[in-house]
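Letter by letter, the chains look like this.
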Amino acid sequence: MTELVTALPSATAVRGQNDLTGRVALITGAGSGLGRAMAWGLACHGANIAIVDRDAAIAERCAREISNGSGTRALAVRADVSREDDVENATNRVLQDLGPIDILVNNAGHNIRKPLIDFSLAEFDSLHEVHVRGTFLFCRAVGRTMQAQRRGTIINIASVLGHIAAKNVAPYAAAKAAIVQLTKVLALEFAEHGIRVNSIAPGYIDTPLTRQHASDVRDRITRTTPLGRFGEARELIGPVVFLASEASSFITGSSLIVDGGWTAQ
Ligand code: NAP
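Residues numbered from 1 in each chain as written. Predicted model: local features only at pLDDT ≥ 70, side-chain atom pairs only at ≥ 80, totals over all residues. Heavy atoms only, no water.

With reference to specific residues and values, describe the overall build of the chain.
When you go through the chain residue by residue, the secondary structure sums to eight helices and nine strands. Against the compact-globule benchmark of 18 Å for 265 residues, the chain has a radius of gyration of 19 Å, which places it among compact chains. Each principal axis of the C-alpha atoms in the chain carries an extent, and together these give about 60 × 55 × 35 Å. When each of the 265 residues of the chain is scored for burial, the buried share is 47%. (Helix = DSSP H or I, 4+ residues; strand = E, 2+ residues; numbered from the N terminus. Rg over C-alpha atoms; globule rule 2.2 N^0.38 Å. Buried < 20%, exposed > 50% of the residue type's maximum accessible area, 1.4 Å probe, protein only.)

In structure tokens form, the structure reads like this:
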């Protein structure tokens with residue numbers, strides 16, 4: 001039998017596979033919750049960061065916090081992800097001020113919980129505008145520039161509710177399922193351009209978004225999560241750095257579930 005001997009990467013290369021020094025990452029909804037934590041995590045691994053949020057003051061505060069703490073550059077950009085002109089302007093501003101965008105994290109979002117028959121059309125539209133339309137617009141704007149530079153990685157923040165069902169979240173769950181599917185299609189279209197596209201599907205994480213849940217909902221979630229608690233925003237840092245870096249170089253079109261075991265049941 002012929003022995004197959006393949007050279008292993010050097011120890012230095014393996015240790016450095018999460019290194020993002022000099023890369024540029026654009027993160028939407030980065031002024032709060034998961035986006036803020038993921039921006040901090042990417043900066044701690046060396047990336048320069050564009051903090052995109054619809055609240056300019058919050059984006060500025062977060063950019064200051066990140067550049068002071070990590071020593072990398074952080075740029076605050078005000079944009080509503082559901083507006084085409086805002087997305088185009090934000091993309092151009094980041095290209096101009098920080099350079100080619102290597103990492104795009106589509107994270108901006110919100111949720112409204114109630115039975116489907118009680119939703120107004122405006123509420124349904126607002127959920128799809130931020131999640132689906134916003135993800136589409138940024139994937140298109142930044143994707144064009146990534147195609148031209150023939151490299152990049154896109155990470156779309158979906159949800160476990162894009163994979164499984166729960167009551168009182170029909171428009172949100174439908175929007176998150178659309179993000180999972182948009183991610184897979186884009187992974188196929190972008191692969192030949194050297195661009196990887198994945199989603200992260202968080203379970204219940206303690207952020208301003210989930211602090212709005214009624215206490216009986218929070219108690220039920222805690223009871224039914226195998227790890228027995230809500231996740232913390234910092235627990236998204238490892239997954240986003242992994243998908244943004246060389247550590248995941250053969251992963252595209254996947255959805256990484258980060259839910260304390262909730263969907264394993
Ligand atoms: P968060 O703390 O409320 O942060 C969301 C951020 O997005 C806020 O700064 C928000 O600004 C911003 N944003 C909302 N709409 C925007 C728009 N149209 N344009 C620009 N920015 C906008 O919520 P989070 O929990 O970190 O959620 C982040 C993402 O994770 C969302 O996509 C959410 O669906 C997803 N997710 C969260 C959980 C969880 O358990 N926390 C679970 C699964 C998925 P405002 O404050 O002005 O609204």
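What follows continues from the structure just given.
Mind laying out the layout of surface pockets, listing which residues take part and the relevant values?
Here the largest pocket is characterised by a volume of approximately 840 Å³. As for the largest pocket, its lining consists of 40 residues, and the residues nearest its centre are Asn107, Ala108, Gly109, His110 and Leu209. Taken together, the elements giving at least two residues each to the lining of the largest pocket come down to helix H2 (33-44), helix H5 (121-149) and helix H6 (170-191). Here the lining of the largest pocket takes four residues from H5, the largest share from any one element. Residue composition of the lining of the largest pocket, grouped by class: 16 nonpolar, 17 polar and seven charged. Of the pockets and cavities examined, the second largest pocket occupies roughly 290 Å³. (1 Å grid on protein atoms, 1.4 Å probe; cavity = no way out; pocket = protein on both sides within 12 Å on 5 of 7 lines; lining within 4 Å. Points joined across faces, edges and corners; volume = space filled by probe spheres on them. Nonpolar A, V, L, I, M, F, W, Y, C, P; charged D, E, K, R; others polar.)

Go over the sheet that holds strand S2 (residues 48-53) with me, naming the residues and quoting the values.
What the seven strands build is an open sheet, ordered S3-S2-S1-S4-S5-S6-S9; its pairing is parallel. A strand with exactly one partner marks an edge of an open sheet, and here the two such strands are strand S3 (74-78) and strand S9 (255-258). Here the average twist between neighbouring strands, direction ignored, is 15 degrees. As judged from the three bridges shared by strand S1 (residues 24-28) and strand S4 (residues 103-106), these two strands associate in the parallel manner. Note that in S4 the partner of Ile27 across the bridge is Val105. Contacts from H2 reach S1, S2, S4, strand S5 (152-157) and strand S6 (195-202) within the one sheet, and its direction differs from that of S1 by about 175 degrees. The strands that helix H4 (residues 84-98) touches are S1, S2 and S3; relative to S3, the one it contacts most, it runs at about 160 degrees. (Pairing = 2+ DSSP bridges. Axes fitted to C-alpha atoms, helices over the stretch in contact; angles between N-to-C directions. Contact = heavy atoms within 4.5 Å.)

Describe the pattern of salt bridges, with residues and values.
Enumeration according to the criterion identifies 13 salt bridges in this entry. Across the pair Arg78 and Asp86 runs a salt bridge whose closest N-O atoms are separated by 2.9 Å. Arg78 sits in the partly exposed class, given a relative accessible area of 43%. Taking relative accessible area as the criterion, Asp86 reaches 11% and is therefore assigned buried. Put simply, Asp97 and Arg93 hold a salt bridge, and the shortest N to O gap is 3.2 Å. Taken together, the residues Asp97 and Arg93, both in helix H4 and four residues apart, mark about one turn of the helix. The partly exposed category is assigned to Asp97, whose relative accessible area is 28%. Overall, the relative accessible area of 34% leaves Arg93 in the partly exposed class. In the salt-bridge network here, residues are joined through shared partners; they are Arg78, Arg83, Asp85 and Asp86. (Salt bridge = Lys/Arg side-chain N within 4 Å of Asp/Glu carboxyl O.)

Run through the packing of H5 against H6, naming residues and quoting values.
Relative to each other, H5 and H6 sit at 15 degrees, their axes nearing to 9 Å. When the interaxial angle is binned, H5 and H6 end up roughly parallel. Along this stretch, H5 crosses H6, giving a crossing that reads as right-handed. Contact with H5, carried on its side by Phe124, Leu127, His128, His131, Val132, Thr135, Phe136, Cys139, Gly143 and Gln147, involves Pro171, Tyr172, Ala174, Ala175, Lys176, Ala178, Ile179, Leu182, Leu186 and Phe190 of H6 and no other residues of that element. (Parallel < 35°, antiparallel > 145°, perpendicular 65-115°, else oblique. Left-handed = near helix turned anticlockwise from the far one by under 90°.)

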